[in-house]
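Each chain, written out:
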Amino acid sequence: MNKGQITALRAGTGVKPGTESTIAAGADESRLQRIPEELSILPVRGFVVFPGTVVPLNIQRAASIKLLDDTLPRTKVIGLLTQRDEAKEDPEPGDLYPVGTAALVLKLLRQTDDHVLVIAQGLRRFSLRKIAATSPFLRAEIDLLKSVSPPESKEWEATFRNLRDSAARLFELTPDAPEQARLMVLNSENAEQLADFLAPNLNVDVAQKEAILEELDVEKRVHAVQKHISAQLEIAEIQQKLQKDVASQFSDAQRRAYLRSQIKAIQHELGEGEAGSEEQAQQLRARLEEAKPPAEVMKQAERELKRLDFIPSASPEFSVIVSYVEIIADLPWNKLSQDNLDLDQAQQILDRDHYDLEKVKKRLIEYLAVRKLNPQGHGAILCFLGPPGVGKTSLGQSIADALGRKFVRISLGGMRDEAEIRGHRRTYIGSMPGRIIQELRRAGTRNPVFMLDEIDKIGADFRGDPASALLEVLDPRQNNTFVDRYLDVPFDLSQVIFIGTANYIDGVPEPLRDRIEVISLPGYTEREKVEIAKRYLVRRQLEENGLKPEQCEWQEEAIRHIINDYTHEAGVRELERQIASVCRGIASQVARGKTEHAVITPELVAEMLGPAKYVRETKLKTSKPGVVTGLAYTPAGGEVLHIEATRYPGKGNVTLTGHIGEVMKESVQAAFSLVRSRNSEISAKAEDFRDIDVHVHVPAGAVPKDGPSAGIAMFTALASLFSNTPVRPDVAMTGEITLRGLVLPIGGLKEKSLAAMRAGISTVIIPQLNEKDLVDVPEEAKQKLKFIPVENVDEVLSAALERDGATPSPDSKAT
């Protein structure tokens, strides 16, 4: 029992796990009666809770917080069981000791860091009878255990008094021990309560404390506590003697020498000398020799190890040096995975894991071919760019599988501290290496496939800019000497295959964008989604929901129904969730014996998923002046926009609505100016622009919209309005305009084309400069759509307006 533990007695909070112990005054029979036969079991690490003690519990695990949220509204009593292995994050029932303590939750405080602080009072021992549930947290039926007290006798009275006097004496020898703790012990009249009060504060490991908790014979329990108290009392008396022996040598100039002398005197009394620290240093040297770091690194590690000879093992600096050397010894300085560069096998793995994406697969095979021909060459840093759910992360895993390398992934989304990349200097308390070094240490190899997820969502604040720290990591000509601030020695990252992922290229800083090769993964077409669902998603969800293929048969039309009416995405994540929802419904029917074979039809999908969640924009039913179909690109793929313009008497003002951004507002102004400058060509009167107000609206007003690509749609809507000429309802268009009437190129042509195809559009007007991008448009869309490339707005009006019929003029160019 040391100074820190006695302070915990006085403060009522544990200095460390296992040092909690204030005697609970209220563990009476009335509270014992409220202990239910089934308890929610909260695993605790590093300490044992005894009846009659009040303990602070810092709850961090999500399952434990869920336990408190669900249990406390019904009962304040929970079960506390100690883990056998502190390092296990998700303990199973077999990972817990069988005997624990039923505890009453006295107070619950929610911390700002999503942690929960609970003050609990131990009530009574219990043992597990039967596990009732393991998810979302452990629940079990319990048996309350009753202690067996010995009959009153002089021998028993002497044993109890000996324990009480020994504990009181130990308090006297403990520096700064609270007097009330000693008086509490001296005034104790109950041997069981006294033993349970002293046991959690013993300087013994968790297993020994658990043995004391499991001991129901009070006499044996008291003897066990007495044994440990006597040992600590003997050490305390020796320490007091040593302090007196060293005191004569003490002076202000010899403070450090005093501390060292005290440790040496204790080791001499125990007959250990400095063997402990010397043995640890030898073990670290052996691990360093096995790791075979470069000579410069080995020299730095040896310098740190020599410092251990002059630093007491109780000093905080000692543990800092040991941790530093251990990390150096654990790093894979010379451990490399053997590459499997069989391109045919790599192609098979990519085809097995991903449907279509032929352009992406071709680039990856080329990448692997270069690695095969020039293993030491500096390969490109790839970045998969695309909307969520299109398979960016799984492609990285497939590359690792194809190469036979380890796969490492870190998420950069929301990262704001550049020390997360470069590490913290060892001058700070709790410093550690950056995520790059940490993940390589866990991987155990120097050449894994390292995925940097969400690089477009890196933040920056007063702590630095992580994106700037990544510049060195992702530069093949610099990262062979990457220096983590914690290590302060170079580490070679040149053999690591770095792969980034991003949803928006605009979110990636320009210097970082310059170091990566972007591979676009656009959204899937309806046909591709159907094939992915049939080949991967349905099979996976059947397996996860315990269904066999013969129990649940999916019709292709049912999958299409989900895609069109229940999802609105470029990828397939929501599609898989909806398929999972249907599979769960079928699993429920199969488990109840209501059906043995189910055929998933569109009607059954509607019954299980309810009304359609999304109504897609379709082509206009009728043509009307001032109404145009435009095309937009969103993170979820392409969209159809119906742009509406109307006019009424006024003073020539223009009103814009529909939650449109500044760039789109400027497009409307440019379109309006262009229409006014060409009033004679569109058969509009000049006085109309002075005496009439115009209102331009883009429906779905709650959705933000921006960008210049709706320029020709805005111009066509205004030209149609002032010329009183309808626009063909089967035509959609995209393109930026200039005041000279030129049509400039846009992005996202593939996604916009797919949106037009889904909406039933037959003709799409595109900038002529985008004609080269038609190679990226799926063949299915090319067959269903007619593309008209245009150079200027005159060609747009010729193709879009219903002047002499519903077809474009002979001069219009069709692709």
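Scroll up for the structure.
As a convention, each chain's residues are numbered from 1 in the sequence order in which they are written. Given that the model is predicted, a residue must reach a pLDDT of at least 70 before its local features are reported, and side-chain atom pairs must reach 80 or more before they are shown or counted; all residues, however, enter totals for whole chains, interfaces and linings. To get the side-chain values, all heavy atoms of the structure are used, and hydrogens and water are removed first.

(A) Seen up close, the environment of Ser-40. The residue Ser-40 is located in strand β1 (residues 38-44) in this model. Relative accessibility decides the category of a residue: with a 1.4 Å probe and only protein chains considered, values under 20% of the type maximum give buried, values over 50% give exposed, and everything between is partly exposed. Using a relative accessible area of 1% as the deciding quantity, one classes Ser-40 as buried. Note on definitions: a residue-residue contact is assigned when non-hydrogen atoms from the two residues lie within 4.5 Å. Residues in contact with Ser-40, not counting those within four places in the same chain, are Leu-67, Thr-71, Arg-74, Ile-78, Gly-79, Phe-137, Leu-138 and Arg-139. Identification of polar contacts relies on pairs of N or O atoms within 3.5 Å, with a donor-acceptor requirement for protein atoms, meaning one able to donate a hydrogen and the other able to accept it, and with residues adjacent in sequence counted only if both atoms are side-chain atoms. Here the side chain of Ser-40 touches Arg-139 through a polar contact of 2.4 Å, side chain to side chain. Secondary structure follows DSSP: runs of H or I at least 4 residues long count as helices, runs of E at least 2 residues long count as strands, and numbering of each begins at the N terminus.

(B) Looking closely at the side chain of Arg-139. Positionally, Arg-139 belongs in strand β6 (residues 139-144). Judged by its relative accessible area of 16%, Arg-139 falls in the buried class. There is a polar contact of 3.0 Å between the side chain of Arg-139 and the side chain of Glu-38. Those residues within four positions of Arg-139 in sequence are excluded, and the remaining contacts are Glu-38, Leu-39, Ser-40, Thr-71, Arg-74, Ile-131, Ala-132 and Ala-133.

(C) Region of interest: unusual backbone geometry. Note that the residue after Ser-135, namely Pro-136, is joined by a cis bond; omega there is 0°. Relative to the elements of secondary structure, Pro-136 occurs in the loop between β5 (116-133) and β6. The backbone of Lys-292 shows a phi angle near 55°, a positive value even though the residue is not glycine. Along the chain, Lys-292 turns up in the loop between α10 (275-291) and α11 (295-308). A positive phi angle, close to 60°, is found at Asp-488, a residue other than glycine. According to the relative accessible area criterion, Asp-488 is exposed, its value standing at 55%.

(D) Highlighting the sheet that holds strand β9 (residues 449-453). Pairing in this open sheet of five strands is parallel, and the strands run β8-β9-β12-β7-β13 from one edge to the other. The sheet is open, and its two borders are formed by β8 (407-411) and β13 (517-520), each paired with just one other strand. Averaged over neighbouring strand pairs, the angle between their axes works out to 25° when direction is ignored. Pairing between strands requires that DSSP locate at least two bridges from one strand to the other. Where strand β7 (residues 382-385) meets strand β12 (residues 497-502), four bridges bridge the pair, whose relative direction is parallel. Axis definition: a line fitted to C-alpha atoms, over the contacting stretch in the case of helices. Angles run 0 to 180 degrees between N-to-C directions.

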